[in-house]
There are 2 protein chains.
Amino acid sequence: MGLIDPDRLRVSFEEYSSIGATDRDGLHRLALSEADGRVRDRFVDDLQELGLSVRIDELGNVFGRRPGTEDLAPVLIGSHLDSQPKGGRYDGQLGVLSALETLRILEDEGIETARPIEIVNWTNEEGARFKPALTGSGTYVGTHDLDTVLAETDDEGTTVAEALEEIGYRGTDPVGPDEVPNAALELHIEQGPRLEEAGHTIGVVEGVLGMAWLEATIRGNADHAGPSPMHTRSDALVAAADVVTAVRRMAGRLDDDVVTTVGELSVEPDSVNVIPAETTFTVDVRSYDDEVVLDAVDRVDDELRAACDREGTEYDLTELWRIPHTEFAPSVADAIEAAADGSDHPSMRMISGAGHDASYLAELTDAAMIFVPSVDGQTHNEREFTEWNDVVAGAEVFARTTRRLASADGADGGNP
Amino acid sequence: MGLIDPDRLRVSFEEYSSIGATDRDGLHRLALSEADGRVRDRFVDDLQELGLSVRIDELGNVFGRRPGTEDLAPVLIGSHLDSQPKGGRYDGQLGVLSALETLRILEDEGIETARPIEIVNWTNEEGARFKPALTGSGTYVGTHDLDTVLAETDDEGTTVAEALEEIGYRGTDPVGPDEVPNAALELHIEQGPRLEEAGHTIGVVEGVLGMAWLEATIRGNADHAGPSPMHTRSDALVAAADVVTAVRRMAGRLDDDVVTTVGELSVEPDSVNVIPAETTFTVDVRSYDDEVVLDAVDRVDDELRAACDREGTEYDLTELWRIPHTEFAPSVADAIEAAADGSDHPSMRMISGAGHDASYLAELTDAAMIFVPSVDGQTHNEREFTEWNDVVAGAEVFARTTRRLASADGADGGNP
């Protein structure tokens with residue numbers, strides 16, 4: 001199999017990026033928005049031009065199937081075309097376009113594969129307009145309930161079902177695999193700085209961190225900031241500050257791969273001359289070791305108790321959700337590594353800090369991911385950027401890996 | 001002069017409290033609201049019933065004047081009838097009703113005073129609906145500009161001028177003293193715990209803390225909470241937590257009377273899985289020593305710099321406003337103390353942590369305040385409470401002090 005066509009990939013990238021483009025080279029293409037409708041139309045046109053049979057399921061997931069030469073389960077490739085609000089052009093889109101370029105090069109070169117290859121664009125990966133994130137893939141593997149998901153609303157009260165109708169993507173196919181794929185592969189930007197720091201082009205993603213989301217509420221007394229001597233105060237924000245500091249320090253003490261973040265924090269009554277009566281904040285804990293995540297949850301509780309004892313405040317701690325780590329299939333990771341070696345692109349094994357559609361697919365079949373570097377680790381904003389050479393390298397490794405996975409025995413078909 | 005009439009005071013207190021009452025024995029009577037209009041009508045009726053000449057200025061400050069026997073400058077007594085949102089029944093109202101009871105007992109007993117006595121209800125002391133607080137008294141003494149104040153809007157865009165028209169209190173008298181008062185006296189609840197802690201009934205308020213309000217903004221990077229290793233982070237909230245902790249600790253290090261508070265804090269983008277990119281928070285610093293306030297402002301800047309150096313974040317620090325401490329007139333404080341001694345109510349000298357209308361009047365004339373205890377220091381909420389015995393004691397000392405101030409030589413006219 002030859003190299004991919006970088007110029008054709010570039011043209012597609014620019015054209016797709018023009019749909020929902022922001023003034024600053026970003027992308028504002030919320031799930032099931034008018035812009036998402038237009039980019040889907042373009043995607044379907046491209047699939048049909050390749051002669052693929054296109055199907056759209058009830059949740060708007062779009063599939064294109066290229067037949068194989070044998071009666072075998074397909075290989076599923078792709079990612080998502082929706083974006084964060086004023087997000088970047090690489091997140092998701094690059095995975096769909098690498099898959100598209102892979103099918104084009106196979107077609108160009110008249111290469112048949114033993115297994116069918118299905119390309120997919122998943123609905124609402126980002127979770128920015130509708131909760132939860134990973135809606136399409138999560139429902140496909142059976143984790144989310146279709147009716148519940150269709151009834152979810154955005155800030156304006158529009159349901160997923162209505163938004164699908166509006167852009168013409170309320171398909172009729174049942175959501176879920178008619179045939180369980182033999183393997184799933186997704187290319188994505190890293191969204192972190194590790195590849196760039198290590199000077200590697202290709203990340204062979206072996207798994208995804210486990211995660212817990214916690215919400216803590218601390219309650220003190222809303223006294224007047226002037227006449228209340230310091231010794232009489234029970235300040236919910238002072239107690240929360242202790243916990244924010246402890247959460248930061250906790251990561252380093254538990255394990256090297258642990259990340260801990262307080263992302264949301266609000267104060268009541270939030271008035272310059274009133275001592276904070278209530279603070280609510282979230283804690284995001286991630287580790288590849290699920291026991292470490294559990295340990296961190298316990299420690300957050302310990303820190304809350306200590307801070308509240310000190311300050312005379314009270315607290316509640318709620319676990320919003322917790323998911324174990326994902327282990328991707330060694331067979332698929334090995335295939336990626338072999339493809340990277342074959343293309344002379346330096347690769348490294350790594351763990352993803354963020355969840356992806358491939359995390360759900362791993363519940364169903366052998367899955368893994370290819371990461372390409374994110375400059376400065378930037379993501380979910382208009383400064384998100386990946387060097388074009390790295391994009392091409394990633395797409396090349398992706399195409400080689402796909403062909404390897406689509407062979408009857410999982411071996412590469414050789415490099416013509 | 002005899003004791004005041006506690007039953008009459010109680011009836012007035014209950015009747016006034018019914019105007020804008022909340023379900024939980026609190027008061028929701030925002031400045032220039034319909035409820036404020038009704039309580040003003042009641043107040044004006046009460047003044048007229050006493051035969052006082054009533055005048056209303058362009059800012060809605062309501063005055064009632066009882067003539068003196070000599071051609072001398074008047075004594076100004078009173079407070080405010082507006083409340084915080086779902087505030088308490090004692091804050092402000094108690095000062096107006098103590099002044100009203102004082103005039104009633106003088107009238108009852110046919111006591112004439114050498115100096116005229118003016119009772120006042122100041123417009124918008126709280127600053128809850130319209131900024132700034134202390135609007136009426138601050139404009140009266142010339143600190144605020146009348147046209148600017150009249151053009152201030154509430155959250156609905158209603159101006160002070162429009163709100164005054166709506167309730168019929170856009171008076172015609174110029175704002176400011178036609179004759180500078182010889183002294184000013186205000187009774188208020190302490191809004192702090194010191195009197196209760198000390199077991200005293202009467203606070204002789206000798207001054208008000210100086211104050212600075214600061215606003216700090218810290219800017220970091222909004223990276224994804226999953227794929228961003230701890231060492232790459234510049235977390236605006238972690239840096240802010242350091243400063244919140246330092247501000248708390250600072251009070252104890254600077255001086256015993258210093259109070260420091262972070263009351264407002266907000267986080268951007270405020271998302272559970274995004275590292276905070278920006279945090280904005282306020283710092284309220286108060287001390288009787290203006291140099292200590294200045295020192296504290298410098299230290300907040302030092303702490304911000306240190307926290308931002310540590311975290312790789314940047315910051316801005318703005319001084320929203322700063323006012324020096326207020327020294328009340330020893331002559332008026334002595335008069336209060338003498339009246340308390342004469343009534344056998346245990347008193348203590350103290351400094352107010354909060355600003356009051358009397359703080360502005362101190363710029364114009366000899367002023368001081370009487371504090372009565374706040375149970376648990378509660379204020380600005382429906383749990384605000386003062387024991388009725390303490391209310392009566394305060395009103396009694398207030399009446400005696402007023403009579404003393406209204407004598408030609410400032411001495412008490414004796415206790416008939």
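As named in an unreviewed UniProt entry, chain A is Zn-dependent hydrolase, taken from Halorarum halophilum.

Novice: Please explain the UniProt feature "domain: Peptidase M20 dimerisation" (unreviewed entry) in chain A as it appears in this structure.
Specialist: As annotated in UniProt, the feature "domain: Peptidase M20 dimerisation" (unreviewed entry) corresponds to residues 210–308 of chain A in the numbering used here. Across residues 210–308 of chain A, helical content stands at 38% and strand content at 27%; the span's end C-alpha atoms are separated by 28 Å.

Novice: It is not clear to me how the relation of the copies chain B and chain A should be interpreted in this structure. Could you clarify?
Specialist: Each copy of the chain is related to the other by a rotation around an axis and a translation along that axis. Rotating chain B by 180 degrees and translating it 0.0 Å along the rotation axis places it on chain A, where the RMSD comes to 0.1 Å. On the angle and the small slide along the axis, the relation comes out as a two-fold axis. Taking the C-alpha atom as reference, chain B places B:Ala241 closest to the rotation axis, 2.3 Å from it.

Novice: How should I be thinking about the domain arrangement of chain A in this particular structure?
Specialist: Note: interface size is frequently given as the accessible area lost on complex formation between the parts. The assigned domain composition of chain A is domain 1 (6–208 + 326–406) and domain 2 (210–323). Each of domain 1 of chain A and domain 2 of chain A has a C-alpha centre, and the two are 36 Å apart.

Novice: Where do I start with the environment of A:Pro67 in this structure?
Specialist: Residue and element names in this part refer to chain A. Structurally, Pro67 can be placed in the loop between strand 2 (62–66) and strand 3 (75–80). Given a relative accessible area of 59%, Pro67 falls into the exposed group. In this structure, the C-alpha to C-alpha distance between Pro67 and Leu52, residues 15 residues apart in sequence, is 8.3 Å. If near-sequence neighbours (up to four positions away) are discounted, Pro67 is found in contact with Thr113 and Pro116.

Novice: For this particular structure, what's the right way to read helix 8 (residues 236–254) of chain A?
Specialist: Each α-helix turn comprises 3.6 residues. Residues three or four places apart therefore point the same way. Residue and element names in this part refer to chain A. Its 19 residues give helix 8 an end-to-end C-alpha distance of 27 Å, which sits within 8% of 27 Å, the value for a rise of 1.5 Å per residue. Of all the 19 residues making up helix 8, 14 are buried; the element is thus mostly covered by neighbouring parts of the structure. For helix 8, the N-terminal cap is Asp235; the gap from its side-chain oxygen to the backbone nitrogen of Leu237 is 2.8 Å.

Novice: Would you mind showing me how to read the packing of helix 1 (residues 6–17) of chain A against helix 2 (residues 34–49) of chain A here?
Specialist: In a packed pair of helices, the relevant descriptors are the angle between the two axes and the axis-to-axis distance. All names here are of chain A. For the pair helix 1 and helix 2, the least separation of the axes is 10 Å and the interaxial angle reads 150 degrees. Considering the angle they form, helix 1 stands roughly antiparallel to helix 2. Contact residues: Ser12, Glu15 and Tyr16 in helix 1; Val39, Arg42, Phe43 and Asp46 in helix 2. Looking at the contact of helix 1 with helix 2, its residues break down into three nonpolar, one polar and three charged.

Novice: Which parts of the structure should I look at to understand the environment of A:Thr261?
Specialist: Tracing the backbone shows A:Thr261 in strand 8 (residues 259–261). Separated by 135 residues in the primary sequence, A:Thr261 and A:Glu126 place their C-alpha atoms 19 Å from one another. Excluding anything up to four places from it in sequence, A:Thr261 contacts A:Val247, A:Thr282, A:Val283, A:Asp284, B:Ala225, B:Arg233, B:Val274, B:Ile275 and B:Pro276. Within the local environment of A:Thr261, its side chain forms a polar contact with the side chain of B:Arg233, the two groups lying 2.6 Å apart.

Novice: Any chance you could explain the side chain of A:Gln191 here in plain terms?
Specialist: Mapped onto the fold, A:Gln191 is located in the loop between strand 5 (183–189) and helix 7 (194–198). A distance of 3.5 Å separates a polar atom in the side chain of A:Gln191 from a polar atom in the side chain of A:Asp91. Excluding residues within four positions of it along the chain, A:Gln191 makes contact with A:Asp91, A:Ala354, A:His356, A:Ser374, A:Gly377, A:Thr379, A:His380, B:His224 and B:Pro227.

Novice: When you look at the pattern of salt bridges in this model, what are you seeing that I'm missing?
Specialist: Where side chains of opposite charge bring their charged atoms close, a pairing between them can arise. Taken as a whole and assessed by the stated rule, the structure comprises 52 salt bridges over all chains. Salt bridges linked by common partners bring A:Glu15, A:Arg42, A:Asp46 and A:Arg104 together as one network.

Novice: It is not clear to me how unusual backbone geometry should be interpreted in this structure. Could you clarify?
Specialist: A negative phi holds for most residues other than glycine; trans holds for most peptide bonds. Residue and element names in this part refer to chain A. Looking along the chain, the bond that leaves Glu268 and enters Pro269 is cis, with omega of 0 degrees. Mapped onto the elements of the fold, Pro269 is located in the loop between strand 9 (265–268) and strand 10 (278–287). Phi angles above zero are rare outside glycine, and Asp25 is one such case at about 65 degrees. Inspection of the secondary structure puts Asp25 in the loop between helix 1 and helix 2.

Novice: Explanation requested: the nonpolar core in the structure shown.
Specialist: Nonpolar side chains in soluble globular proteins generally cluster together in the buried interior. B:Ile77, B:Ile119 and B:Ile336 are the most contacted members of the largest nonpolar core, which totals 86 residues. Counting residues per element, this core draws most heavily on helix 12 (residues 388–406) of chain B, which supplies ten residues.

Novice: What exactly am I supposed to notice about the interface of chain B and chain A here?
Specialist: With 54 residues of chain B at the contact, the number on the chain A side is 54 residues. Between chain B and chain A, roughly 4,400 Å² of surface is buried when both sides are summed, and carbon and sulfur atoms account for 58% of that area. Interface area lost by chain B to chain A is led by B:Met230, B:Arg248 and B:Val272, which between them contribute 16%. Remark: the boundary between chain B and chain A carries two salt bridges.

Novice: Looking at this model, I keep getting lost on the environment of B:Ser79. Mind explaining?
Specialist: Residues and elements named next belong to chain B. Secondary-structure assignment places Ser79 in strand 3 (residues 75–80). Each C-alpha atom, one on Ser79 and one on Asp25, is 21 Å from the other, the two residues being 54 residues apart in sequence. Once residues lying within four places of it in the same chain are set aside, the contact partners of Ser79 are Gly92, Gly95, Val96, Val120, Asn121, Trp122, Glu186, Leu187, His188 and Asp357.

Novice: Would you take a moment to explain a nonpolar patch on the surface for this structure?
Specialist: On the surface, a cluster of nonpolar side chains totalling about 250 Å² of accessible area is made up of A:Leu320, A:Trp321 and A:Ile323. On the basis of relative accessibility, which here comes to 41%, the residue A:Leu320 falls in the partly exposed class.

Novice: Teacher, can you tell me more about the side chain of B:Thr158 here?
Specialist: For B:Thr158, the position within the fold is in the loop between helix 5 (146–151) and helix 6 (160–167). In this structure B:Thr158 touches B:Arg129, B:Phe130, B:Glu152, B:Thr153, B:Ala163 and B:Glu166, once residues within four positions along its chain are discounted.

Novice: What's the story with the packing of helix 10 (residues 330–342) of chain B against helix 12 of chain B in this structure? I'm lost.
Specialist: Residues and elements named next belong to chain B. It is the contact of helix 10 with helix 12, at a shortest axis distance of 8 Å, that shows an interaxial angle of 130 degrees. Relative to helix 12, the element helix 10 lies oblique. Relative to helix 12, helix 10 is oriented so that their crossing is right-handed. Together, Val332, Ala335, Ile336, Ala338, Ala339, Ala340 and Gly342 of helix 10 and Val397, Arg400, Thr401, Arg404 and Leu405 of helix 12 make up the contact between the two elements. Of the residues that constitute the contact of helix 10 with helix 12, the class distribution is eight nonpolar, two polar and two charged.

Novice: Would you take a moment to explain the pairing of strand 2 of chain A for this structure?
Specialist: Side-chain positions along a regular strand alternate between the two faces of the sheet. Residue and element names in this part refer to chain A. Extensive coverage of strand 2 is indicated by the burial of four of its five residues. Alignment of strand 1 (residues 53–56) against strand 2, held across four bridges, turns out to be antiparallel. Bridged to Ser53 within strand 2 is Arg65. The antiparallel hairpin formed by strand 1 and strand 2 contains five residues in its connecting segment, where Gly60 sits at a positive phi of about 85 degrees.

So, how was this worked out
Residues numbered from 1 in each chain as written. Chains lettered and ligands numbered in written order. Predicted model: local features only at pLDDT ≥ 70, side-chain atom pairs only at ≥ 80, totals over all residues. Heavy atoms only, no water. UniProt positions renumbered as here; feature names shortened; annotations may be inferred. Helix = DSSP H or I, 4+ residues; strand = E, 2+ residues; numbered from the N terminus. Least-squares fit on C-alpha atoms with pLDDT ≥ 70 in both. Domains from an automatic or database assignment. Buried < 20%, exposed > 50% of the residue type's maximum accessible area, 1.4 Å probe, protein only. Contact = heavy atoms within 4.5 Å. Expected span 1.5 Å × (residues − 1). Polar contact = N/O pair within 3.5 Å; in protein donor to acceptor, adjacent residues only side chain to side chain. Axes fitted to C-alpha atoms, helices over the stretch in contact; angles between N-to-C directions. Parallel < 35°, antiparallel > 145°, perpendicular 65-115°, else oblique. Nonpolar A, V, L, I, M, F, W, Y, C, P; charged D, E, K, R; others polar. Salt bridge = Lys/Arg side-chain N within 4 Å of Asp/Glu carboxyl O. Core = buried A, V, L, I, M, F, W, Y, C linked by side-chain atoms within 4.5 Å. Buried area = accessible area lost by both parts, 1.4 Å probe. Patch = residues over 30% accessible without salt bridge, like charges linked within 9 Å, V, L, I, M, F, W, Y side chains within 5 Å. Areas by Shrake-Rupley, 256 points an atom, 1.4 Å probe, with all protein chains shown as cover. Left-handed = near helix turned anticlockwise from the far one by under 90°. Pairing = 2+ DSSP bridges.

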